[in-house]
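Tertiary structure, described
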Amino acid sequence: MSAAAPEADDLAALAKGGRTNFLGFLLRLAARLPFLFIAGRIYGAEALGRFAYAILVVEFAAQIATLGLKRGLAQQLSSTDKPHVCIIWDGMLVAFLASAVATILLVVFPQAMFPNSPINGLEWLLPLIVFAIAGSDVALAALAYRHNIRATVTARAVVEPWTISIAAFLLSFVSSRDGLIIAYILSMLAALTASLWPLFRTYGVPKGWRPNPLALWMLARRNTPLAAADAIEWASRRIDIAILGLFFSPAIVGVYYVAQQVASLPQKLKTSFDPILSPVITQKLAEGDKKAVAKQVRQVGFWIIAAQAAVGLALGIPAEAVLALVGAAFIGGTAALAFLLFAEVMAATAAVSEAALVYVARHRNLMISTFMIVVQAILSVALIYALRAVRVPDEVVQAFGLPSDRLPEKFTAAGPAIALVLALGMASVLKARLLCKVLGAPVQGWRWPLITAAAAAAAVGYTVMLLPQRLEFLELIVGIPLILLTFGAAIWKWGFREEDRVLFRKQQKNEEPTLPPPLGVEPDLMPEVPNSGQDHR
């Protein structure tokens, strides 16, 4: 087999995952907006802020409980002779034990979830959902190793968001106090079911599996740096909510949460590549082909930067109209949304570089991630105090009818979003330079035509913004598609190369990418994997 053939297979696998997950992104977008509309219009900003803080803590606990298996499982599976189903259930048991520890801590100290409000009814049982979140993550990581990205799209982009949207609406007639949290629990249970069903169909039941306490301990210990890196990367997108909860009212937190949820949609374009990128990277590292890893990072990095820039412009230019869909009270989050969308573009290089760093320089990657989140926290607090200290000129106060000469809270609350932009920009530079040094090849996915495409899309978008205010709905119906089409046409014309166009080229049935081989096994010697789901490697 020529060297070009496996490389083409890798590129085809990445492209197939990208196409599947872009569909998932569109489905997630279609499902997320109804939830935000229901939560904002029916439950209100204060209830939404309380809900946001509670699930922030629970999801952080679940992130820790996965012990890095969302990305580490691919490496485990590609370097073992044991039946894969047994490795997966070893990981499941480790995640279960870690979830038990996290759940007990949150049940004993429920104030961590509700620091500024009393605990009502059965809310103290919310931590039990940690088991469902962690279990679903491990199951989807195992399916991704078999290049089954459809399961992730189904669970995360269809089942989970539509369940929470429908449940939140129905429960609003029963309890406006607990409806959001109960809907969240139901959505996580539904996602777990949608993850386990394809897992059993693909790998079967774990016949002959026996838990090995020593092996489980070694697995948890080996994955600690990866788990910490995952937790820090996750926390970098949530620490702003945590800090806001300490400085602002739940209503302000609710407004920021909506802006954050809208901005997180482009982020899903990156995270959805993780399941397919990790197996491809681990395969090439097992073969010692660092140049191929660098090429994959550059390729996916460019795809993600381009996609996030397009979506960021499409949501950011008509930001006020987007937030107005949720409710008039949420328009104040426009400034925060603009910075959060820009932060996602800045984060692309760091995020893709980390996909390889967690395997080749995990401790140094962890140090950079830790430094980044410390800088982000310090900058967030400093900017909040700095913006609160700003005095608005009397002429501006009178012209805009401001209640005082202090900046409105909706502007000071954007401080953590600004801090996120700066911290992620710093992390992108540091991680890209580190990975370049380790691999001995450039990894930066940036291309100058991105600026041309962004300028063209912005010109079209701001032209649509000139429509009269009574036609504001056209900013969404017409403006968003035009921005995306303009950016896409420009980047296709001036930014895409031949290898990029494979992203839009559908594979033939006989061109399915091969599975990553175990360590030391040449691709030519890999046996066929039957469709029965049994593992014969």
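Residues numbered from 1 in each chain as written. Predicted model: local features only at pLDDT ≥ 70, side-chain atom pairs only at ≥ 80, totals over all residues. Heavy atoms only, no water.

Thoughts on the overall build of the protein
- Helix and strand counts for the protein come out as 20 helices and zero strands.
- Per-residue burial over the protein gives 55% buried out of 537 residues.
- Long-range contacts, defined as pairs at least 24 residues apart, comprise 84% of the intrachain contacts of the protein with a sequence gap of at least 6. (Helix = DSSP H or I, 4+ residues; strand = E, 2+ residues; numbered from the N terminus. Buried < 20%, exposed > 50% of the residue type's maximum accessible area, 1.4 Å probe, protein only. Contact = heavy atoms within 4.5 Å.)

Some thoughts on the packing of aromatic side chains
- Here the structure, examined in full by the defined rule, presents eleven aromatic pairs.
- Ring geometry for Phe51 and Tyr257: centres 6.2 Å apart, planes at 85 degrees, overall edge-to-face. In this pair, Phe51 is assigned in helix H1 (residues 4–65) and Tyr257 in helix H10 (residues 250–271), connecting sequence segments 206 residues apart. Here Phe51 matches Tyr257 in class, with each residue buried.
- Look at Trp89 and Trp209: their rings are 6.5 Å apart centre to centre, the planes differ by 50 degrees, and that puts the pair in the tilted class. Taken together, the residues Trp89 in helix H3 (residues 84–108) and Trp209 in the loop between helix H6 (179–203) and helix H7 (213–222) connect sequence positions 120 residues apart. (Phe/Tyr/Trp six-rings, centres within 6.5 Å; stacked < 30°, edge-to-face > 60°.)

Some details on the side chain of Gln261
- On the secondary structure map, Gln261 appears in helix H10.
- Beyond its immediate stretch of four places on either side in the chain, Gln261 contacts Arg32 and Leu36.

Overview of helix H18 (residues 415–439)
- The first and last C-alpha atoms of H18 sit 36 Å apart over 25 residues, in line with the 36 Å expected at 1.5 Å per residue.
- The first or second residue beyond H18 is Gly440, which carries a positive phi of 70 degrees. (Expected span 1.5 Å × (residues − 1).)

A closer look at the side chain of Arg238
- Along the chain, Arg238 turns up in the loop between helix H8 (224–236) and helix H9 (239–247).
- Despite its burial, Arg238 pairs with no opposite charge, the nearest such side chain being Glu59 at 4.3 Å.
- Apart from residues no more than four positions distant in its own chain, Arg238 is found in contact with Leu56, Glu59 and Gln260. (Lys, Arg positive; Asp, Glu negative; His and termini not counted. Salt bridge = Lys/Arg side-chain N within 4 Å of Asp/Glu carboxyl O.)

Let's talk about the environment of Ile281
- Structurally, Ile281 can be placed in helix H11 (residues 274–287).
- For the pair Ile281 and Ala356, spaced 75 residues apart in sequence, the C-alpha to C-alpha distance is 6.7 Å.
- Setting aside chain neighbours within four positions, we find Ile281 in contact with Val293, Gln296, Ala355, Ala356 and Tyr359.

With respect to the environment of Leu48
- Looking at where Leu48 falls in the secondary structure, it is placed in helix H1.
- Under the relative-accessibility criterion, Leu48 is labelled buried at 0%.
- Sequence-wise, Leu48 and Pro250 are 202 residues apart; in three dimensions their C-alpha atoms are separated by 7.9 Å.
- Excluding residues that lie within four positions of it along the chain, Leu48 makes contacts with Ala39, Leu180, Gly254, Tyr257, Val258 and Phe330.

Regarding the pattern of salt bridges
- Applying the stated criterion across every chain, the model contains three salt bridges.
- Asp137 is the salt-bridge partner of Arg156, the closest N and O atoms lying 2.5 Å from each other. One end of the pair, Arg156, is in helix H5 (residues 150–171); the other, Asp137, is in helix H4 (residues 130–145), with 19 residues separating them in the sequence. Both residues of the pair, Arg156 and Asp137, count as buried.
- For Arg156, the salt bridge goes to Glu160, with nearest N and O atoms at 3.1 Å.

Examining the nonpolar core
- Within the largest apolar cluster, 155 residues are counted, with the highest numbers of intra-cluster contacts made by Phe35, Phe51, Tyr184, Leu199 and Phe487.
- If one sorts the elements of this core by residue count, H1 sits on top with 18 residues.
- Apart from residues no more than four positions distant in its own chain, Phe51 is found in contact with Phe35, Ile164, Leu180, Ile181, Tyr184 and Tyr257. (Core = buried A, V, L, I, M, F, W, Y, C linked by side-chain atoms within 4.5 Å.)

Some words on H4
- Between its terminal C-alpha atoms H4 stretches 23 Å, which fits the 22 Å expected from 16 residues at 1.5 Å a residue.
- Positive backbone phi, at 65 degrees, marks His147, one or two positions downstream of H4.

Structural notes on a nonpolar patch on the surface
- Where nonpolar side chains cluster on the molecular surface, the patch consists of Ile42, Val158, Trp162, Ile166, Phe169, Leu170, Phe173 and Val174 and spans about 800 Å² of accessible area.
- If you tally residues by element for the nonpolar patch, the top one is H5, at five residues.
- By relative accessible area, which is 51% here, Leu170 ends up exposed. (Patch = residues over 30% accessible without salt bridge, like charges linked within 9 Å, V, L, I, M, F, W, Y side chains within 5 Å. Areas by Shrake-Rupley, 256 points an atom, 1.4 Å probe, with all protein chains shown as cover.)

Some remarks on the packing of helix H19 (residues 449–464) against helix H20 (residues 473–494)
- It is the contact of H19 with H20, at a shortest axis distance of 8 Å, that shows an interaxial angle of 160 degrees. Taken together, the axes of H19 and H20 are roughly antiparallel relative to one another. Judged by the twist between their axes, the crossing of H19 over H20 is right-handed. On H20, the residues touching Pro449, Leu450, Thr452, Ala453, Ala454, Ala456, Ala457, Val460, Gly461 and Val464 of H19 are Leu474, Glu475, Gly479, Leu482, Ile483, Thr486, Phe487, Ala490, Ile491 and Trp494.
- Of the residues in the contact of H19 with H20, the class split is 15 nonpolar, four polar and one charged. (Axes fitted to C-alpha atoms, helices over the stretch in contact; angles between N-to-C directions. Parallel < 35°, antiparallel > 145°, perpendicular 65-115°, else oblique. Left-handed = near helix turned anticlockwise from the far one by under 90°. Nonpolar A, V, L, I, M, F, W, Y, C, P; charged D, E, K, R; others polar.)

Considering the confidence of the model for the protein
- Per-residue confidence for the protein gives a mean pLDDT of 79; residues scoring 70 or more make up 82%.
- Contacts from residues 507–537, a stretch scored under 50 in pLDDT, to residues over four places away or in other chains number 51 contacts. (pLDDT = per-residue confidence, 0-100.)

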